[in-house]
Amino acid sequence: MNLPFRTRTVSTAIVIPSAIIVAALAVLEYRWSTGVSEATAVRLADSLQMSLMNWQKDFFRYFSEIGLSLRIDPVEEAPGDVGKYVRRFAEWKAVAKYPDLVQNLYLLKSGGTALRLNVPAGRFEPAPWPQVFEPLRADLTRASAASPDIRGVFGKDDPAAGWRFDPAVFALVHPVFSGSPHVPSVDWIAIQLNRGEVRSKMLADLSRTYFQGTDGLDYLIAVIANGPHPEVMYSSDPGFGSPEPADADGTISLFARTPERGAGSAAVHVFHVPLDNKGPDPSVRIAWFPFLRNSAPNADWRLVVRHRRGGALGAFVVEMRRRDLAIGFGVLLVLAVNMAMLIVTSHRAQRLAQMQMDFVTAVSHELRTPLTVIISGADNICNGVVATGRQMAQYGAVIGNQARQLVGLVERILLFAAARQGQLKYTLRPLDVRRAVDEALSGSAGLIEAAHTRVECEVAENLPPVAGDPDGLSQCLQNLITNAVKYGNGQNWIGIRASEHAGRHGGPEVRISVSDRGIGIDPADLPHIFEPFYRSASVRAAQIHGTGLGLPLSLSIAEAMHGRLDVSSTPGHGTTFTLSLPAA
Ligand code: ADP
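Remember, predicted model here, so these are calculated numbers, not experimental data. (Residues numbered from 1 in each chain as written. Predicted model: local features only at pLDDT ≥ 70, side-chain atom pairs only at ≥ 80, totals over all residues. Heavy atoms only, no water.)

1. Let's talk about unusual backbone geometry
Outside of glycine, negative phi angles account for most residues, and trans bonds account for most peptide bonds.
Then, in step 1: Cis geometry marks the peptide bond from Ser242 to Pro243; its omega dihedral reads 0 degrees.
Then, in step 2: Of note, Pro243 is situated in the loop between strand E10 (231-235) and strand E11 (250-253).
Then, in step 3: The phi angle at Asn462 is positive, at roughly 50 degrees, despite the residue not being glycine.
Then, in step 4: Relative to the elements of secondary structure, Asn462 occurs in the loop between strand E15 (454-459) and strand E16 (466-468).
Then, in step 5: Of note in the backbone geometry, Phe533 takes a positive phi value of approximately 70 degrees without being a glycine. (Helix = DSSP H or I, 4+ residues; strand = E, 2+ residues; numbered from the N terminus.)

2. Observations regarding a nonpolar patch on the surface
Then, in step 1: There is a patch of nonpolar side chains on the surface, built from Ile21, Leu25, Leu28, Trp32, Val36 and Leu335 and spanning about 560 Å² of accessible area.
Then, in step 2: Tallying contributions element by element places helix H1 (residues 5-69) first for the nonpolar patch, with five residues.
Then, in step 3: By the element assignment, Trp32 lies in helix H1.
Then, in step 4: Residue class for Trp32 comes out exposed when judged on its relative accessible area of 57%. (Patch = residues over 30% accessible without salt bridge, like charges linked within 9 Å, V, L, I, M, F, W, Y side chains within 5 Å. Areas by Shrake-Rupley, 256 points an atom, 1.4 Å probe, with all protein chains shown as cover. Salt bridge = Lys/Arg side-chain N within 4 Å of Asp/Glu carboxyl O. Buried < 20%, exposed > 50% of the residue type's maximum accessible area, 1.4 Å probe, protein only.)

3. Details of the sheet that holds strand E9 (residues 219-225)
Then, in step 1: Strand order in this open sheet of five strands is E10-E9-E13-E11-E12, and the pairing throughout is antiparallel. Among the strands making up the open sheet, the edge pair consists of E10 and strand E12 (268-270). Adjacent strand axes in the sheet meet at a mean angle of 15 degrees when their direction is disregarded.
Then, in step 2: Pairing analysis gives seven bridges linking E9 to strand E13 (residues 301-307), with the strands arranged antiparallel. In the strand pairing of E13, Ile221 is matched with Val305. (Pairing = 2+ DSSP bridges. Axes fitted to C-alpha atoms, helices over the stretch in contact; angles between N-to-C directions.)

4. A word on the packing of helix H8 (residues 433-443) against helix H10 (residues 470-486)
Then, in step 1: The contact between H8 and H10 brings their axes to 9 Å, and the two run at 55 degrees. Between H8 and H10, the crossing angle belongs to the class labelled oblique. Viewed along their axes, H8 and H10 form a crossing whose handedness is right-handed. For the pair formed by H8 and H10, the contact residues are Ala436, Val437, Glu439, Ala440, Leu441 and Gly443 on the first element and Leu473, Ser474, Leu477, Gln478 and Ile481 on the second. (Parallel < 35°, antiparallel > 145°, perpendicular 65-115°, else oblique. Left-handed = near helix turned anticlockwise from the far one by under 90°. Contact = heavy atoms within 4.5 Å.)

5. Observations concerning the packing of aromatic side chains
Each aromatic ring pair is summarised here by two numbers: the centre-to-centre distance and the angle between the ring planes.
Then, in step 1: Taken as a whole and judged by the stated rule, the model has 11 aromatic pairs.
Then, in step 2: Here Tyr106 and Phe133 contribute two aromatic rings whose centre-to-centre distance is 5.5 Å and whose plane-to-plane angle is 85 degrees, an arrangement assigned as edge-to-face. Placement of Tyr106 in strand E1 (residues 102-108) and of Phe133 in the loop between strand E3 (123-127) and helix H3 (134-146) is noted, with a sequence separation of 27 residues between them.
Then, in step 3: Measuring from ring centre to ring centre gives 5.4 Å for Phe211 and Tyr219, while their planes differ by 65 degrees; the resulting arrangement is edge-to-face. Pair check on accessibility: Phe211 and Tyr219 agree, each one buried.
Then, in step 4: Among the aromatic residues, those joined into a ring-pair cluster are Trp55, Phe59, Phe63, Phe170 and Trp301.
Then, in step 5: One residue, Arg321, lies across the ring of Tyr30, its end atom 5.1 Å from the ring centre. (Phe/Tyr/Trp six-rings, centres within 6.5 Å; stacked < 30°, edge-to-face > 60°. Lys NZ or Arg CZ within 6 Å of the ring centre and 35° of its normal.)

6. Here we look at helix H7 (residues 389-420)
Then, in step 1: The end-to-end C-alpha distance of H7, which contains 32 residues, comes to 46 Å, matching closely the 46 Å that a straight helix rising 1.5 Å per residue would cover.
Then, in step 2: Of the residues making up H7, those classed as buried are Gly400, Gln402, Leu406, Leu409, Phe416, Ala418 and Ala419.
Then, in step 3: Considering only its buried residues, H7 is in contact with helix H6 (313-382) and helix H12 (550-560).
Then, in step 4: Just downstream of H7, Gly422 is the residue with a positive phi angle, here 75 degrees. (Expected span 1.5 Å × (residues − 1).)

7. Overview of the site of the ligand
Then, in step 1: Taken together, 21 residues form the shell around the ligand, and within it Asn483, Tyr487, Arg535, Thr547 and Leu551 come nearest.
Then, in step 2: Measuring from an oxygen atom of the ligand, one finds a side-chain N or O atom of Arg535 at 2.5 Å.
Then, in step 3: At a separation of 3.5 Å, a nitrogen atom of the ligand approaches a polar side-chain atom of Thr575.
Then, in step 4: Out of a free accessible area of 530 Å², the ligand has 98% covered by protein chains. (Near = heavy atom within 4 Å. Polar contact = N/O pair within 3.5 Å; in protein donor to acceptor, adjacent residues only side chain to side chain.)

8. Focus on the side chain of Arg564
Then, in step 1: By the secondary structure assignment, Arg564 is in strand E19 (residues 564-570).
Then, in step 2: At 3.3 Å, the side chain of Arg564 forms a polar contact with the side chain of Glu509.
Then, in step 3: Look past the residues within four positions of Arg564 in its chain and what remains in contact with it is Arg504, Glu509, Arg511, Ala558, Thr578, Leu579 and Ser580.

9. Description of the pattern of salt bridges
Then, in step 1: With the rule as written, the count across this model stands at 18 salt bridges.
Then, in step 2: Measuring nitrogen to oxygen at the nearest pair gives 4.0 Å for the salt bridge that ties Lys93 to Asp100.
Then, in step 3: Residue class for Asp100 comes out partly exposed when judged on its relative accessible area of 41%.
Then, in step 4: Between Lys201 and Glu197 there is a salt bridge, with its nearest N and O atoms 3.6 Å apart. Separated by four residues within a single helix, Lys201 and Glu197 lie in helix H5 (residues 195-211), roughly one turn from each other.

10. Side note on the nonpolar core
Then, in step 1: Counting 52 residues, the largest nonpolar core has Phe59, Leu193 and Trp301 as the members making the most contacts within it.
Then, in step 2: A per-element tally of this core places H1 first, with eight residues.
Then, in step 3: Beyond its immediate stretch of four places on either side in the chain, Leu193 contacts Phe63, Ile66, Leu101, Val102, Gln103, Phe165, Phe170, Ala171 and Leu172. (Core = buried A, V, L, I, M, F, W, Y, C linked by side-chain atoms within 4.5 Å.)

11. Side note on the sheet that holds strand E18 (residues 508-516)
Then, in step 1: Ordered in space as E15-E17-E18-E20-E19, the five strands form an open sheet in which the pairing is mixed. Each end of this open sheet is capped by a strand with a single partner; those strands are E15 and E19. This sheet shows a mean twist of 15 degrees between the axes of neighbouring strands, independent of strand direction.
Then, in step 2: As paired strands, strand E17 (residues 493-502) and E18 are joined by nine bridges and run antiparallel to one another.

Rendered as C-alpha cells:
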C-alpha cells in the first residue's frame, strides 16, 4: 500500500532533522563528557595536590616549631647559657601538639663530650656521646673545623639556617656557638626525635586531617623513607607502600628530594596533568623543607597515596567518563529507538486508516451490486414487466440470491468484528472432513456454477475426524473456495484435497488444501494478505471485488480451532491455501 506523497514528504521532513539532531546530540555528549571528565580530573588532582602540600606543610611545621623555639642567637643571646635551652624547651613542651615528639635533647661538644637534658630536673647533665649519633660525629667535627665564622656559613638572618634533619639518626641538629664571638667554638644541639610518636601519632593524625572521608580514609596512605633500605614509616593499611605502588594517585617528596625519579621529576606529582598545562617546569625544584639542605639527597621521605575505592583515581575518572558516556548514549539510543517506533507506528496508523477507507469503498461496492439487482428486479415486477408465473419465479430466485449475498457479507463483517474482539470461541467437536468439504462446496455452489468452474475434490479414505466447529469450518473453507474462484484468472478450476499427516506436536492432523491455477500472489504481498483490509495492488487494479476480510477471518477461525492456515503461491500459476486441523 502506497502512502500519499504528502504524508511521505512530511515523514521525511520530520525523520531527517530528528536523525541529525540525535547525531548532533551524540557528538555534543561525547565532547561534553570529555570536557567534564577533564575538569573532574583537574579538580580532583588539584584538591589532591592541595592535600599533599598541606600535609607536608604541617609535617614541616611540627619539626620547625621545635627547631625555632630552641634557636639561640649567637650574638644577642649569650650562647654559653645552656639554661636558655632548658627554658625554651619547657615553653615548647607546654604548647606543643606532640609534646612527646622529642625523646632526648643533647648538646654535643666539639671536643667529643656531650650534655643531655634531664627534663624532670630541668638541667643538662654530662653524658657519653650517644651511640646513635656516631655516624654524625665525623661530619659535625669536620663542619666545626671548617667554619671559623659559622654565621657566614649558615646565614644569620634565616631562622631555620643550619638545621638539618638526619633520618638515619632521627634527629634535628644545629650548630651552637660558645666561647667569645671573636674566637667561636662550634658545638651542636641535637634533638633526638621519638620515632614511635612520629609514626603512630603525627603521621596518622596528618593522614586523618587531610584524607579523612565520610567513611574512614578516602585514600590508602604510606610514608616511605628512601635510602639503601627503603622503610615504610607509616601505612594506613597493612601492606600498602611496600613495595611503593606504581599506580599511586599522588606522591610528594617530603624533603623535596627526588633523586630516584631522575632530574626531570617534580617534587609533587598527581595522577592528572591538565592538557593545556603541562605541569610545573621540571627544572624548578620546590625546597619546602630547609632542614634537609645539607643532608644526603637519597635520604628523602615520600608520601604516597592511592584512592581507596575503585582503584586508582585516574582509572576511576576514566571509568566515570565511560559510564557517563554509556548512560548518555544509552538515553540517545532509547530516544532514537522511540523515534523509529513512533515513525513506524504512525506509518502503520496511516496505512490502517488508508486500508479502512479502501474497506469502506470495497464494502460499498459489494453492497451496491446486489442492491442494484434487487431494486431493478423489484421495479420490473412493479411495472408489470414480469407477466408469467415462471418469470416471477426466476425474479424471485435472483432477488433471493442477491439478498443472501448481502446477508453473507453482513455476516462476514460481524464475524470478523467478533474475531477481532476475541469473541470467536468455538465449542469443538469431532467433525467428518468429507462432510465439511461437501457442505462448503454446496454453500459456494451458486458462485462455482456462475463461474463455470470445475471442482476436483480428493478426500482420502478413512480420514480421522477433526476437532472443530461445523459453521466455522464451513465458513473458512467457503472463503478459500470463493477466493480460488475469484482469483482463478479464467482457468475455471479449483482443486480440493484432504489427507492425514503427522502434526507439529506429534499427533495426527488433517490438511485440507484449496488450490487454483489463477493469478497467484506476489511475494511482496504474501506477508500482508492475512492483515485485515489488505488487498493486493494487482487485484485492486483489476477491479476484482472484495473486502480484504476473507483471509483474516479464515485465519482467526483456524486458530480458534487450534489449527493453522498456510499459503504457497506462484504468481501467474496459482495459489494453494492449506488448512491444518488436529485430529479429534
Ligand atoms: P478479498 O478477497 O475480499 O480481497 P481476502 O482477505 O480474502 O480479501 O484476500 C486478501 C487478498 O489476498 C486478496 O485481495 C488477494 O489480493 C489475495 N488473495 C487471496 N486469495 C487469493 C488467491 N486464491 N489467489 C490470488 N490472490 C489471492
